[in-house]
Every structure is written in C-alpha cells, then in structure tokens.
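Understanding the architecture of this molecule
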Amino acid sequence: TDNLVALQAMFDKSGLEGALPDDQAYVANDIRFDFNVALDGLKALDRPVDQILSDKVSRDKLVFVYNTIGDLVRRFDQDFAIASGLAAGFSFADGD
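Only a predicted model underlies this, so the values are computations on that prediction, with no experimental measurement involved.

1. Comments concerning the nonpolar core
- Formed by 13 residues in total, the largest nonpolar core has its most connected members in Phe11, Ile31 and Phe35.
- Of all the secondary structure elements, the ones that give two or more residues to this core are helix H1 (2–14), helix H2 (26–43) and helix H4 (56–84).
- Residues contacting Phe35, with those up to four places away along its chain left out, are Leu4, Leu7, Gln8, Phe11, Leu72 and Phe76.

2. Some remarks on the pattern of salt bridges
- Enumeration according to the criterion identifies eight salt bridges in this entry.
- Salt-bridge contacts for Arg74 lead to Asp79; the nearest nitrogen and oxygen are separated by 3.2 Å.
- You can call Arg74 partly exposed: its relative accessible area is 31%.
- Judged by relative accessible area, which is 25%, Asp79 ranks as partly exposed.
- A salt bridge links Asp79 to Arg75; its shortest N-O distance comes to 3.8 Å. With Asp79 and Arg75 both in helix H4 and four residues apart, this pair spans about one turn of that helix.
- Note on Arg75: relative accessible area 16%, which makes it buried.
- One network of salt bridges, in which partners are shared, links Asp30, Asp34, Arg74, Arg75 and Asp79.

Rules of the game
Residues numbered from 1 in each chain as written. Predicted model: local features only at pLDDT ≥ 70, side-chain atom pairs only at ≥ 80, totals over all residues. Heavy atoms only, no water. Core = buried A, V, L, I, M, F, W, Y, C linked by side-chain atoms within 4.5 Å. Buried < 20%, exposed > 50% of the residue type's maximum accessible area, 1.4 Å probe, protein only. Helix = DSSP H or I, 4+ residues; strand = E, 2+ residues; numbered from the N terminus. Contact = heavy atoms within 4.5 Å. Salt bridge = Lys/Arg side-chain N within 4 Å of Asp/Glu carboxyl O.

Keep in mind these numbers describe shape, not what the thing actually does.
This is the structure we're talking about:
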C-alpha cells in the first residue's frame, strides 16, 4: 500500500499531466481513478496474506486489485505515453 501511495503522490506532484494535450487531459483523471480504486481495495484487505488467500471473497478482491494495478500500468504505458507524444517503444513498465 505504501508503495502505491508513494507512486500516486509522485504522479500528483510531478506535473506529468502537463505533457498531455488539453483534449487528452482525461487520461490523468483515469490514472487518478485507478490509483484510488486500487488503494481502496487494498485498504479492504488489511489483514495477513494467509487469511486473504484462504477466503474466496478476499481472494477475489485481491484479484480485482491486481487487475486494477494492471490497468494503471496500461494507462501509463499506452494511454499516457501516446497522448503525451512519447516515442514508440517507450515503456513506463520496464523500470528505466
């Protein structure tokens, strides 16, 4: 959770959304939405991992959070990169 909070803060304070054209500003809102959904999901899973994995409802919530984080990566890697004009082949997901 702390890492996701830190990434959200970094995005919010970085000014990256300034690289988006006005007609693509919604991409930054979509990114914020995914951050918030993922963080809300993680807060609902505030217990030991073995308990989360042993309960189907909790496991399903964890899968939902996992998928939401995947959506977040896609938003950065595809939506944001394309909208901001980053070169083809650039990847937010590769750790550079």
